[in-house]
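# Examining the three-dimensional arrangement
Chain by chain, the residues:
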Amino acid sequence: QVQLVESGGGLVQAGGSLRLSCAASGRTISNYGMGWFRQAPGKEREFVAAISWSGSTTNYRDSVKGRFTISRDNAKNTVYLQMNSLKPEDTAVYYCAVERLGAGLGTTRYDYAYWGQGTQVTVSS
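Because the structure is a prediction, the values reported are computed rather than measured.

### Describing the overall build of the chain
- Within the chain, the secondary structure is distributed over 0 helices and 11 strands.
- Taken from the N to the C terminus, the helices and strands of the chain come in the order β-β-β-β-β-β-β-β-β-β-β.
- The C-alpha radius of gyration of the chain comes to 13 Å, within 12% of the 14 Å expected for a compact globule of 125 residues.
- Here the chain holds 125 residues, and the buried ones make up 44% of them.
- Put simply, of all contacts in the chain between residues at least 6 apart along the chain, 57% involve residues at least 24 apart.
- Carbon together with sulfur atoms contributes 46% to the accessible area of the chain, which is approximately 6,200 Å² in total.
- Mean positive and mean negative side-chain charge positions of the chain (13 and 9 charges, respectively) differ by 3 Å.

Quick look at the structure:
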């Protein structure tokens, strides 16, 4: 079993930046792909970004490409999401998740086995 704790969320003005962290405990995540999802009120949870176990491959939803960067530090058992040029439509609870083996940087929630509790990101206009 692995526990994930997200942090770094908050309130920011449009155009601002935030860096989310996802710290894992209970087992190493260095052999697993990792992902970030988000869920806005009344909407489905949606894929944001994913990174391979080595960090060499990443995948993003189109609306965040060029603004968000996913990275990881396996020595710290931590994954990050750097979010720049934030927009009001980025407002959501952001979740990190551990990918199921073989999912290949999946973009659906069913590709992920373990989830954190989420951190709120609010972008004001």
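That was the structure; now back to the text.
### Let's talk about the sheet that holds strand β7 (residues 68-73)
- Taken in spatial order, the 4 strands make up an open sheet running β1-β3-β8-β7, and their pairing is antiparallel. The open sheet is flanked by β1 (3-7) and β7, the only strands paired with a single partner. Ignoring strand direction, the axes of neighbouring strands in this sheet form an average angle of 15°.
- Bridge count for β1 against strand β3 (residues 18-25) is 5 bridges, and the pairing is antiparallel. Paired with Q3 across the strands is S25, a residue of β3.

### Regarding unusual backbone geometry
- Positioned with a positive phi, N77 is a non-glycine residue whose angle comes to about 55°.
- For N77, the location among the structural elements is in the loop between β7 and β8 (78-83).
- Of the residues examined, N77 reaches a relative accessible area of 13% and is grouped as buried.
- Its identity as a non-glycine residue notwithstanding, L105 has a phi of 55°, on the positive side.
- Looking at the secondary structure, you find L105 in the loop between β9 (92-99) and β10 (112-115).

### Quick notes on the environment of N77
- It is 6.3 Å that separates the C-alpha atoms of N77 and T28, two residues lying 49 residues apart in sequence.
- Reaching out from N77, the side chain makes a polar contact with the backbone oxygen of R27 at a distance of 3.1 Å.
- One polar contact links the side chain of N77 to the main-chain amide nitrogen of I29, over a distance of 2.9 Å.

### Describing the pattern of salt bridges
- According to the stated counting rule, one finds 5 salt bridges in the structure shown.
- One salt bridge connects R38 with E46, and the closest N-O pair in it is separated by 2.7 Å.
- On the basis of relative accessibility, which here comes to 5%, the residue R38 falls in the buried class.
- D62 is the salt-bridge partner of K65, the closest N and O atoms lying 3.0 Å from each other.
- Among the ionic contacts, a cluster of salt bridges with common partners joins R38, E46, R61, R67 and D90.

What counts, and at which threshold
Residues numbered from 1 in each chain as written. Predicted model: local features only at pLDDT ≥ 70, side-chain atom pairs only at ≥ 80, totals over all residues. Heavy atoms only, no water. Helix = DSSP H or I, 4+ residues; strand = E, 2+ residues; numbered from the N terminus. Rg over C-alpha atoms; globule rule 2.2 N^0.38 Å. Buried < 20%, exposed > 50% of the residue type's maximum accessible area, 1.4 Å probe, protein only. Contact = heavy atoms within 4.5 Å. Areas by Shrake-Rupley, 256 points an atom, 1.4 Å probe, with all protein chains shown as cover. Lys, Arg positive; Asp, Glu negative; His and termini not counted. Charge placed at Lys NZ, Arg CZ, Asp CG, Glu CD. Pairing = 2+ DSSP bridges. Axes fitted to C-alpha atoms, helices over the stretch in contact; angles between N-to-C directions. Polar contact = N/O pair within 3.5 Å; in protein donor to acceptor, adjacent residues only side chain to side chain. Salt bridge = Lys/Arg side-chain N within 4 Å of Asp/Glu carboxyl O.

All quantities given are derived from atomic positions and should not be read as evidence of function.
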